[in-house]
Structures are given as structure tokens and as C-alpha cells.
Amino acid sequence: MLFPDVNLPPELPEAVGYAQVIFNRPLTTVFTYAIPEELQTEVVAGKRLIVPLGRGNAQAIGFCVGITDVKPEFKTKFVTKVIDSDPLFTPELLKMTQWLADYYFCGWGQALDAVIPAAAKAQAGSREKDFIAAVPEPLLPIATPRLSKKQAIALQYLRDRPGQHLANLVVEETDCSLAVLWGLVERGYATREKRRVETHLLPAKGLPTQQPLVLNQHQQDALAVIIKQLEAGGFHSFLLYGITGSGKTEVYLQAIDHVVRAGKQALVMVPEISLTPQAVQRFEARFGSVAVLHSHLTDADRGSHWRRIATGKVPVVVGARSAIFAPTANLGLIIVDEEHESSFKQEATPRYHGRDLAIVRAKQEGIPIILGSATPSLESWNNAKKGTYTQLDLPERVSGRPLPPVGVIDMRHEKLPPGPYKAISPSLESAIKQALAAGGQVILLLNRRGFDTCLFCPDCGQTVKCKFCDVAMTYHRGGKPKETSSGPQTASGYKGEQRDMSGLAVCHYCGYEINPPKRCTTCGVGSLRYYGLGTEKLEEELAIKFPGISAARMDADATKKTGSHAKIFKAFQNGEIRILFGTQMIAKGLDVPTVTLVGVVYADQALHLPDFRASERTFQLLAQVAGRAGRGDHGGKVLVQTFHPDHPCIKLAVKHDYRTFADAELASRSLHQFPPSARLARIIFRCRDAIRVQKAAERWGLLLQVHLPKGIKILGPAEAPLKKLEGWYRYHVLVLSGSVKTLHGTIRAVQAAYETIEGVEITVDIDPVGML
Ligand code: ADP
Ligand code: ZN
């Protein structure tokens, strides 16, 4: 397996040890390389090496995952070079990625490569620099060479200041040149050393400015249990189930304080979109220095944060999904806030779930973990019910504030005015007017961006679809205006509308854009009608219905520029913006006491998606956005527009009744053997060719039948809900089992027996979150 047949030249040096190396490929094999004497001290587990690979001995980059003295029985090649001056990962991280690779079906090297930020690999934000130090006088040779005047001055400077000095600094201070200094080194008066220094300084953070708050009884009770566990030591999982505004964060902060005082580090994971400057400031105000890891950092920033964590310089790390790989040396506690968020799952190889990996890491490090949410995932809720997690409740909002009352607007019976603007019903409109008149602020949720969500041909009945994906394109007016505008639009009431050509039709799945066609792209005859409601259309409606009221749209289009998200939030927080409307981005984290009305424009939007979590997601989103209302002294309420007021999910969300919802949903999942009552794997097949992909999926399906042990359930193979994406035809099959071991074993058996069909890519997604 490991090149025993390679002819090695006879004059090879003796090996001083053997490095175990893995590569960034979908392999599980560990390769062994001999370490030459000159690299003995440099080769360390955790560094990247350059080694010859394969018959051609092409130089390849590999990760050193271990070192051994045991000489292998086969002939080994030699390590060519060591890339990193310091290890990139700790032994613990190594163990975790090994687990990850095994559990999520990817190569160990692929997992390692993905978890170490490119910035850390490139050592972005740091540079090798020359340092110089005087040789102590007793160590100088008896007959010392003569020095020039400048050299003498520089030497005196160094002798007055024992220790290493940045050469460039000495040059500046003594008004000499580098050549003068290297002259000192040459003559034996000084030593020169290369060292890596931070060239990119993160803005200095001050000392803590905020004292802990006095906890209410529920917070105290929860904290006491956590602290008891911290003191006892060892792994334990807590589910902190606290309604919106119940002060979960304050419990985290005080638990972290306990950990930091004990000289350990704490890791806080939050969903990417909740990682706002305000959120980070809450931690900085309490702990001074906080390292932040998320996807919008510059390389230099990321590299610097990464090294500050690795060297133990910061006690608290706050980050999104990938922060689970933060190289903390002495971790004492992990917190996953909003643990139900689907963004913790990575939708590309390695397809890990940040929350689940956090549990694994806490277990490996023998420390407690807190999962917090107002609407826990059913997975975590189930674990708490079984007693695997200890549940801690914060059932009330702080300062005795009630949850806001939620009213339902039944859109089947609302009398909508004629004309194109139908997002805001008369009932919602008058509530907004009232709220504004009383000086309050308003949040409106509409989880769909763009202007019209459907371009429809009344002649042939087709919609305009993306040519790469099997999905309807969305009309965006915010797209670049075109010169060739064909005049003003004609609004034609209920029959859909025609649009001018100033916008763009966009595919929300692959980003493909076209000028909006005038005629149907299928039949070529019908003139297209534009239907459906997106945030851009809502924007127009708000401008017409509430003239002179400042409103801001918050969605992926409006927040493309770095910092724009924070800017809008800030303007809303200080009252410059009266109405904030947009997609789920507005549902999280906002703690604005003057928000007295939250309106949900279309609550049913995600209710009918082909996903077994559709109800769960809808409930979570409604609860989150409702939680933005009534956080101040003026109270607040929520209005939900729906066509399905009798759907259990809507009914229970309106009553803030998570428990009943969760228990009923658990029962239904259990009935259908869906997670969390079973483990699910989704095998996704894709190919440029529609026939081949079907064949591959069917072949897999047949093999599954052959290898089917007891207790496995299969759904499919079938076309994926998105049967074409980015030009790839897609199939999937779902495999369910009560036992992870059985599930893994079955998939491995099928993988081994499967005969490849060229051009078909197969992805194994364990515990999938995306089902489309
Ligand atoms: P959650 O994370 O549960 O939604 P937060 O931790 O954001 O709630 O708390 C909501 C608000 O209540 C914050 O402004 C916070 O500063 C405040 N708060 C939290 N705990 C207390 C307390 N014990 N006394 C007073 N205010 C508190
Ligand atoms: Zn597309």
C-alpha cells in the first residue's frame, strides 16, 4: 500500500525517526516518511511537510499527524521540507478531526485542511524579522577585533539593553545601517536571529467596563448548577431553555467569568448572522480581550486572532461554526447559543454540524457544554427529555416583562384593497399606524428577497426558470438599472403585472442573472406577468402607505457590503429608522426596547417546503421574531398574517407554547421514524447527465436493499426536490436507522460494493439539515 516497490537510491542517509503524514484527499490512509537528521528538530506533529508522493515522486503537501521511532517494514521515502515554523493544530484538534472524518465520511486530511484557516496556514498578519542581541562580555574572545565608530555606538546601545532587539529598530535608534549591525555579528560581538512577529496589530481592547448584573432567581438557579459542574470538573451537557429576553447571555457571561478566573478559556459559538459588533461588545465589556472568528474577517485579522488564541493570550473566543476548531490550549467551557440554528451545519465537505462537534469536543476535553435556545432543536429537546442533557429553564423575561401578545390576521378573510399592494393587510396597516403614532418602532418579517417571486406566462402557464437550476427566477428591481428601459410599468391589479426592463431576473440558487424577458421563454408568445411578494415590493408598499416614515430593508441584497448590517442595526437602535423590515436576518439578536410592534407578513412561507423540519423552522422563526417585541417599558405586540391560522404550528407559536409544539412534533417524528428518533443519512447524487445520475442512484438503491440489515429504513432513490442545480441533475436517497453504527456500516458496505459510474458525484450527508 505504501510504495514498497519504489527503488530508493543506495546512498540514502539514516532516518532519525518516522513521520506519519496524511493528505488533503478523500482517503483515510496514513503514510509514513523517514525524517532526515537535519530536519529532526523541525518535524513535529501539527506542521505541514513537503514530501514525495506516488510513483512520480511529485512533491506534495501533507499534514504530519504523528511521529514514531518504529521503523516500518517497507522502505520509506524521506521528508523533503518542513513548511510551518509552529504547529498548526494541537493533539486534541487532531483527535477531533479524526473523529469528524470518520463520522461525516470524508478524508482525515480533508477535514484538517478545512478546519485550519488559510490565514493561519499562510501566517497572514505575521512576518519573519531579524533580531539582534549583544554577546555578553565574558563570552567574547580575548582578542577582539576593532570596531568602527558607528559599530561601537550600536554595540553600546545593545549592551545597555540586554536581550533581543528588532534589528530595524536598532538601526533607527542609533542612526546606523543594517550593514553596521551585521558587521557586529560577523566580528562576534552580537548574534542574529530570525523570528516571526505580528505585523498586523488588532485594535487594542480596553479593560472590562461592565460589572456582572444581579441575577434573578431563575438565572441564579441555572448558574448554580453550571458552576457546580465546573467545579466538579468533567464533561456534562446542559440545555439552557430560556424564552427570548430571559437573560441567557447573562448566565453565559457569569459562567465564563468563573472559567476565566480559574485561568481557563471559554469558547462561545453563535450563528454567523448573530455575530454583530453589538453581540461581541457584550463580551468585550465584561472580559476586555475577546478573539472573534467569523467568515468576514480579513486574512490578517483571522491569522492574528488564531495565533492569539493558540498562544493563550485571550481568555474568550466568540465565533461562528468554524470557531469549534479554535486552537485553545486550556479550554474550560463551550457555549453554543441559538443551538437550533441550521447555519451551524456546514453544507460542503466536511459536512459537520458545529453544535454536534462541540459536544464531541467537550467530551474529548472533559469539560461542560451549554446549549442555549428559546426554541431548542428537537434533537436537543429529545436529549434533555431522555436525561442525556440536563435541562435548565429560564421561563420568564427579566424584570418581570411579559412575552408580547400575538394576534392572528386571517388573510383568507381580510378585505384587500384593489391594486398591486397586498403585503400589508388593513388590520396590520392600522396597527403600524398606531405604533408609529405612539412613538414606537416596528419590525416586519418577510422571508423572501427580491421584488416579484414569479415570472409567469398566462398563455402557456410556464414560469421563467433558471437555465442551470430547476427553480423559478425572482425579479429584482434593485439590480443595475438598464439604459434600455421600455417605459413605466403598468399595474394591472389582480392579474399580475408587467415590468419594465430596468431590473434583473435572478436565480436564488446559483446567482444566474438575466434581463427580464418580455415574452415567455418557453412558448415565445405570451407576455409575462409578474407575481409574488418579496422584500423589495414590500419596500415600495411601505413607502406608499407610510410616506415620510424612515424604513430600512435588511436582507442579503441590502447587506452585501461589509458593515452595512451593523450600520442598519445601529440606525434602528438609535431611532433613525422607524420601520425595519426584511428576511430572517432581522429576527435575531435585536434588543430594542422601543419596538412595540412586530408584524409577520407571510407566516406560512416555509410551512410547506418538502422538508420534515418545515414546521420546526417555522415555529422557531416566529418565536424568534416575536421575541423582538415588548422588551421595554412600553410593552408590545405581534401580528401574524397567515392563510393557515389553524395549523398547529401557527396556533402554538401564537401562544408561545414551545413545549406543546415540541412534544407533538417529537411524537410525529417518532411515528415516521424521522430524526431525532432515528439517525438520518442523505446520499446525494449529481451528474451533468440526467440518465447517468438516475442510474447511479438506482444502483445505490439496489445495493442498499442487498446490504439491508434489520432496523434500516430507506426512502428513495428519487429525484431531489431541486432536481437540477447549477447545471447538475440531482437524485437522493434517505437512509434511516436507530443506530449510528448500523447506519455507518450499511453505507460503508454499499460504498465498497458500488461500481462507479463515470461523471456521477456522490455525497454522503450525515445528519443532514438541507433537504432540497
Ligand atoms: P436572551 O439572550 O435570553 O434573549 P439577554 O441575555 O439578551 O436575553 O437579556 C435581555 C436583556 O435583559 C438584556 O438587555 C440584558 O442586559 C438584560 N438582563 C439580563 N439579565 C438581567 C438581570 N438579571 N437584571 C437586569 N437585566 C438583565
Ligand atoms: Zn440557477
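Residues numbered from 1 in each chain as written. Chains lettered and ligands numbered in written order. Predicted model: local features only at pLDDT ≥ 70, side-chain atom pairs only at ≥ 80, totals over all residues. Heavy atoms only, no water.

K.L.:
Sorry if this is basic, but what is going on with the site of ligand 1 here?
P.N.:
Around ligand 1, the structure places 17 residues, and the nearest of them are Val 214, Gln 219, Gly 245, Lys 248 and Asp 591. Here an oxygen atom of ligand 1 and a backbone polar atom of Ser 246 are 3.3 Å apart. Interatomic distance of 2.8 Å between a side-chain N/O atom of Asp 591 and an oxygen atom of ligand 1. The element contributing the most residues to the shell around ligand 1 is helix α8 (residues 248-261), with three residues. Within the shell around ligand 1, the residues separate by chemical class into five nonpolar, seven polar and five charged. (Near = heavy atom within 4 Å. Polar contact = N/O pair within 3.5 Å; in protein donor to acceptor, adjacent residues only side chain to side chain. Helix = DSSP H or I, 4+ residues; strand = E, 2+ residues; numbered from the N terminus. Nonpolar A, V, L, I, M, F, W, Y, C, P; charged D, E, K, R; others polar.)

K.L.:
Is there a simple way to explain the coordination of the zinc ion (ligand 2) in this structure?
P.N.:
Each donor-metal-donor angle in an ideal tetrahedron of four donors is 109.5 degrees, and each such angle in an ideal octahedron of six donors is either 90 or 180 degrees. Within the protein, the zinc ion (ligand 2) binds to Cys 466 (SG), Cys 469 (SG), Cys 507 (SG) and Cys 510 (SG); these donor distances fall in the range 2.2 to 2.4 Å. Of note is the zinc ion (ligand 2), whose four donor atoms meet at the metal with angles of 107 to 116° in an arrangement that counts as tetrahedral. Taken in sequence order, the residues that donate to the zinc ion (ligand 2) follow the motif C-x2-C-x37-C-x2-C. With Cys 466 in the loop between β19 (454-456) and β20 (474-476) and Cys 507 in the loop between β21 (504-506) and β22 (513-514), this pair connects stretches of sequence that are 41 residues apart. Note on accessibility: Cys 466 and Cys 507 belong to one class, buried. (Donors = N, O, S within 2.8 Å, 3.2 Å for Na, K, Ca; no water. Tetrahedral: all angles 85-135°; square planar, octahedral: opposite > 155°, others 65-115°. Buried < 20%, exposed > 50% of the residue type's maximum accessible area, 1.4 Å probe, protein only.)

K.L.:
Please explain the sheet that holds strand β16 (residues 390-394) as it appears in this structure.
P.N.:
Paired through their backbone hydrogen bonds, the strands of a sheet run either parallel or antiparallel. Strand order in the open sheet formed by seven strands is β12-β13-β11-β14-β15-β10-β16, and the pairing between neighbours is parallel. Because the sheet does not close on itself, it has two edges, and the strands there are β12 (290-293) and β16. Taken over all neighbouring pairs, the strand axes of this sheet differ in orientation by 20° on average, direction set aside. When strand β10 (residues 236-242) meets β16, the two strands line up parallel, connected through five bridges. Within β16, the position partnered with Gly 242 by the bridge is Leu 394. Its contacts with the sheet put helix α7 (residues 217-232) on β10, β14 (331-337), β15 (368-373) and β16, and the angle it makes with β16 is roughly 155°. Packed onto the sheet, helix α11 (residues 354-365) meets β10, β11 (265-269), β14 and β15 and runs at close to 160° relative to β14. (Pairing = 2+ DSSP bridges. Axes fitted to C-alpha atoms, helices over the stretch in contact; angles between N-to-C directions. Contact = heavy atoms within 4.5 Å.)

K.L.:
When you look at the confidence of the model for the chain in this model, what are you seeing that I'm missing?
P.N.:
One rule of thumb: low pLDDT means the predicted coordinates there are not for detailed reading. Summing up the model confidence of the chain, the mean pLDDT is 87 and the portion of residues at 70 or higher is 92%. Overall, residues 479-495 carries pLDDT values under 50, and its contacts beyond four positions in sequence, including any with other chains, amount to 35 contacts. (pLDDT = per-residue confidence, 0-100.)

K.L.:
Is there a simple way to explain the environment of Ala 556 in this structure?
P.N.:
Its location among the elements puts Ala 556 in the loop between β24 (551-554) and α15 (564-573). For Ala 556 and Met 585, which are 29 residues apart along the polypeptide, the C-alpha to C-alpha distance reads 8.3 Å. Ala 556 has contacts with Arg 449 and Met 585, leaving out every residue within four places of it along the chain.

K.L.:
Got a minute to help me understand the packing of helix α5 (residues 167-174) against helix α6 (residues 178-186) in this structure?
P.N.:
It is at 9 Å that the axes of α5 and α6 come closest, and there the two elements cross at 115°. Between α5 and α6, the interaxial angle falls into the category roughly perpendicular. The two elements α5 and α6 cross, and the hand of that crossing is right-handed. Two secondary-structure elements touch here, α5 through Ala 167, Asn 168, Val 170 and Val 171 and α6 through Leu 178, Leu 181 and Trp 182. Here the contact of α5 with α6 is built from residues that sort into six nonpolar, one polar and no charged. (Parallel < 35°, antiparallel > 145°, perpendicular 65-115°, else oblique. Left-handed = near helix turned anticlockwise from the far one by under 90°.)

K.L.:
Teacher, can you tell me more about unusual backbone geometry here?
P.N.:
Where the residue is not glycine, phi is negative for most of them; where a peptide bond is considered, it is trans in most cases. The peptide bond linking Pro 675 to Pro 676 adopts the cis configuration, its omega dihedral lying at 10°. The residue Pro 676 is located in the loop between α18 (658-671) and β28 (679-687) in this model. Notably, Ser 399 is not glycine yet its phi reads approximately 55°, a positive angle. With respect to the element layout, Ser 399 can be found in the loop between β16 and β17 (406-410).

K.L.:
Can you walk me through helix α9 (residues 277-287) in this structure?
P.N.:
Given 3.6 residues to a turn, an α-helix orients residues that are three or four positions apart in the same direction. Taken together, the buried positions of α9 are occupied by Val 280, Phe 283, Glu 284, Ala 285, Arg 286 and Phe 287. Buried residues belonging to α9 abut α8, β11, β12 and β13 (316-319). Gly 288 sits one or two residues past α9 and shows a positive phi near 75°.

K.L.:
Explanation requested: the packing of aromatic side chains in the structure shown.
P.N.:
To describe a pair of aromatic rings, one takes the distance between the centres and the angle between the planes. All chains considered together, the criterion is met by 18 aromatic pairs. Here Trp 99 and Tyr 104 contribute two aromatic rings whose centre-to-centre distance is 6.0 Å and whose plane-to-plane angle is 80°, an arrangement assigned as edge-to-face. For Trp 99, a relative accessible area of 28% gives the class partly exposed. Ring geometry for Tyr 241 and Trp 381: centres 5.3 Å apart, planes at 75°, overall edge-to-face. Here Tyr 241 is found in strand β10, whereas its partner Trp 381 is found in helix α12 (residues 378-386), with 140 residues between them in sequence. Overall, Tyr 241 belongs to the buried group, its relative accessible area being 9%. Exposure remark for Trp 381: the relative accessible area of 2% places this residue in the buried category. Following the ring pairs from residue to residue traces out a cluster consisting of Tyr 241, Trp 381, Phe 619, Tyr 658 and Phe 661. Over the aromatic face of Tyr 157 sits the side chain of Arg 161, whose NZ or CZ is 3.9 Å from the ring centroid. Seen from the ring of Trp 728, Arg 686 lies directly overhead, with NZ or CZ sitting 3.7 Å from the centre. (Phe/Tyr/Trp six-rings, centres within 6.5 Å; stacked < 30°, edge-to-face > 60°. Lys NZ or Arg CZ within 6 Å of the ring centre and 35° of its normal.)

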